[in-house]
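Architecture at a glance
Read off the chains here:
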Amino acid sequence: DINHYKKKDLNSWMFLRFQTISLLDPKFYENYFFGGQYLSIVKDDLLGAEYIYLKGVKNYPNDFWLSYYLGFNYLWEMGDSKKAKNVFLKLQHHPKTIKYFPSLPRIVAKLEASKGNLNLAYKMMLNSYQNTPNNHFLKKQYAKNLYAIKAEIDLNCLNNIKSNCEIRDFLGQNYLKIKGRYRALNKWKKFKIKLKN
């Protein structure tokens, strides 16, 4: 069955089957792993997927994949950044995160930036940048993100004529003043997460 489930009542026939399996055999891992993905991606039964993943995480609290897919369901399917952040923060120190989810620090920082916590997002990204080896593929991306966050913080400060504003960007270049407005030398875009409406 690949038809999307339109109602939000935890009553799709596939959800009820996955739920029944979880009652009959609470330790049947594949029920949570495949059932949650099926409900989230194929059926678009996001509440059903959340229920199944949460039950899976309860039975397997240290499992990387169940938490990963739960966070994915929250963030990119349900658009619930608060719940997603809570799940992703628990994954930060999981041994599999570096290998399978290296963009996690960036996503958590973007969630903070999207809430207006640019200084916290900058500190988080700077920590990741400083702890990433120079030859790692994410180092350049982290630098690009740091440039964008710092530019937004600094240009807001400068253009709103606040005190103690930084006049140099992440690369150490002075901001330009053109027609009374400060601008960055390099192109950048706001560092924020794009969620479903």
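Going by the structure above, here's the rest.
So, how was this worked out
- Residues numbered from 1 in each chain as written.
- Predicted model: local features only at pLDDT ≥ 70, side-chain atom pairs only at ≥ 80, totals over all residues.
- Heavy atoms only, no water.
- Core = buried A, V, L, I, M, F, W, Y, C linked by side-chain atoms within 4.5 Å.
- Buried < 20%, exposed > 50% of the residue type's maximum accessible area, 1.4 Å probe, protein only.
- Helix = DSSP H or I, 4+ residues; strand = E, 2+ residues; numbered from the N terminus.
- Contact = heavy atoms within 4.5 Å.
- Disulfide = S-S within 2.5 Å.
- Patch = residues over 30% accessible without salt bridge, like charges linked within 9 Å, V, L, I, M, F, W, Y side chains within 5 Å.
- Areas by Shrake-Rupley, 256 points an atom, 1.4 Å probe, with all protein chains shown as cover.
- Salt bridge = Lys/Arg side-chain N within 4 Å of Asp/Glu carboxyl O.
- Axes fitted to C-alpha atoms, helices over the stretch in contact; angles between N-to-C directions.
- Parallel < 35°, antiparallel > 145°, perpendicular 65-115°, else oblique.
- Left-handed = near helix turned anticlockwise from the far one by under 90°.
- Nonpolar A, V, L, I, M, F, W, Y, C, P; charged D, E, K, R; others polar.

Right, let's get into the nonpolar core. Within soluble globular proteins, side chains that are nonpolar generally end up buried alongside one another. Among the nonpolar cores identified, the biggest contains 41 residues, and Leu 39, Phe 88 and Phe 101 are the most heavily contacted of them. At the level of secondary structure, the elements contributing two or more residues to this core comprise α1 (13-24), α2 (29-42), α3 (46-59), α4 (64-78), α5 (81-91), α7 (104-114), α8 (118-130) and α9 (139-159). Residue contributions to this core peak at seven residues, all from α4. Ignoring any residue separated from it by four or fewer positions in sequence, one finds Phe 101 in contact with Phe 64, Tyr 68, Phe 88, Leu 91, Lys 96 and Ile 107. Grouped together as the second largest cluster of nonpolar side chains are eight residues, Cys 157, Leu 158, Cys 165 and Ala 184 included.

Taken as a whole, this structure holds one disulfide when the rule is applied. The disulfide partner of Cys 157 is Cys 165, and the S-S distance across this bridge is 1.9 Å. Measuring handedness by torsion sign, the sulfur bridge of Cys 157 and Cys 165 sits at about -80 degrees and is left-handed. For the residue pair Cys 157 and Cys 165, the accessibility class agrees, reading buried in each case.

This part is about a nonpolar patch on the surface. On the surface, Leu 176, Ile 178 and Leu 185 cluster together to form a nonpolar patch covering roughly 230 Å² of accessible area. By the secondary structure assignment, Ile 178 is in strand β1 (residues 176-178). Residue Ile 178 is classed as partly exposed on the basis of its relative accessible area, which comes to 39%.

Moving on, we get to the pattern of salt bridges. Under the counting rule described, the total for this entry stands at five salt bridges. When the shortest N-O distance is used, the salt bridge between Glu 166 and Lys 150 registers 3.8 Å. Of this pair, Glu 166 sits in the loop between α9 and β1 while Lys 150 sits in helix α9, and the two are 16 residues apart along the sequence. The partly exposed category is assigned to Glu 166, whose relative accessible area is 46%. Within the structure, one salt-bridge network assembled from shared partners comprises Lys 150, Asp 154 and Glu 166.

Next up on the list: the packing of α2 against α3. Two elements in contact, α2 and α3, have axes whose closest approach is 8 Å; the angle formed by their N-to-C orientations is 160 degrees. Here α2 lies roughly antiparallel to α3, going by the angle between them. As α2 runs across α3, the sense of the crossing is left-handed. Between α2 and α3, the contacting residues are Asn 31, Tyr 32, Phe 33, Gly 35, Gly 36, Gln 37, Leu 39 and Ser 40 on the first element and Leu 46, Gly 48, Ala 49, Ile 52, Tyr 53, Lys 55, Gly 56 and Asn 59 on the second. Here the contact of α2 with α3 is composed, by residue class, of seven nonpolar, eight polar and one charged.

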